[in-house]
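Residue-level structural notes
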Amino acid sequence: TKVCIGDHNIVRENVTINRGTAFGSGITRIGHHNFLMAYTHVAHDCELGNHIVMANAANLAGHVSVGNSVVIGGLVGVHQYVRIGEYAMVGGCSALGRDVPPFVRAAGGYRAQMFGLNTIALRRHGFSGARMNTLKAAFELLFRHGHRLQEAIKLARNEYGDSTDVLTLLTFLESTSRGICQVSSRELDD
């Protein structure tokens, strides 16, 4: 069992990273250009992508997967086997027991909820207005029109199937084993 840490990571004091286990993947992987602030914890068999920020005292339980360019706020607790998709943001003092899809914002105490797209991060990473509008329309169709998830996925694939971003989102949703965070009935301001 081991830990594999990529290049150019910034790891502050009192950070704990556990190696993989024999009954898991056998390896804990941390990609490149990540920033793990003080008192963060990455448990056994986690997979972290690149360009991730984990604020102070954010904690990942075992077997957690975090996509590229994710921001995890301070004092966040992530349950084992949860996945956080690329370009997502998890607000501070949140608890995640379910997956957070790519491109979205999630926050909210004991049971974090989704609050729409992570538009600030998407703009910072060069997403065009058209690209973000397509993602927003797909998000609305998937989570706010009242369809059951499997039906909404079919509708979104028919309507936005030519968008690689939407296909990334749909693939993530189809492969969840823990379920997806509930969507809030309201949007947060950017």
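The following refers to the structure shown. (Residues numbered from 1 in each chain as written. Predicted model: local features only at pLDDT ≥ 70, side-chain atom pairs only at ≥ 80, totals over all residues. Heavy atoms only, no water.)

Moving on, we come to the pairing of strand β17 (residues 113-117). In terms of burial, β17 is largely enclosed, as 4 of its 5 residues are buried. In this structure, strand β16 (residues 104-107) lies alongside β17, joined through 3 bridges in antiparallel fashion. Note on β17: the bridge partner recorded for Ala106 is Met114. (Buried < 20%, exposed > 50% of the residue type's maximum accessible area, 1.4 Å probe, protein only. Helix = DSSP H or I, 4+ residues; strand = E, 2+ residues; numbered from the N terminus. Pairing = 2+ DSSP bridges.)

Turning our eyes to something else, we now look at the layout of surface pockets. Its volume calculated, the largest pocket comes out at about 250 Å³. Lining the largest pocket, in full, are Ala95, Leu96, Gly97, Arg98, Tyr110, Arg111, Ala112, Gln113, Cys181 and Gln182. When grouped by side-chain class, the residues that make up the lining of the largest pocket number 5 nonpolar, 3 polar and 2 charged. (1 Å grid on protein atoms, 1.4 Å probe; cavity = no way out; pocket = protein on both sides within 12 Å on 5 of 7 lines; lining within 4 Å. Points joined across faces, edges and corners; volume = space filled by probe spheres on them. Nonpolar A, V, L, I, M, F, W, Y, C, P; charged D, E, K, R; others polar.)

Moving on: the pattern of salt bridges. Under the definition given, this model contains 5 salt bridges. Notably, a salt bridge pairs Glu47 with Arg29, separated by 3.6 Å at the nearest N-O pair. Residue Glu47 is located in strand β7 (residues 47-48), and its partner Arg29 is located in strand β4 (residues 27-30); the two are separated by 18 residues in the primary sequence. Between Arg83 and Asp99 there is a salt bridge; the shortest N-O distance is 3.0 Å. Taken as a pair, Arg83 in strand β13 (residues 83-84) and Asp99 in the loop between β15 (95-96) and β16 lie far apart in primary sequence, 16 residues in all. Note on accessibility: Arg83 and Asp99 belong to one class, buried. (Salt bridge = Lys/Arg side-chain N within 4 Å of Asp/Glu carboxyl O.)

The subject of this paragraph is the environment of Asp7. Relative to the elements of secondary structure, Asp7 occurs in the loop between β1 (2-5) and β2 (10-11). The class of Asp7 is partly exposed, set by a relative accessible area of 48%. The sequence separation of Asp7 and Val70 amounts to 63 residues, and the corresponding C-alpha distance is 17 Å. Every residue in contact with Asp7, bar those within four places of it in the chain, is listed here: Gly31, His32 and His33. (Contact = heavy atoms within 4.5 Å.)

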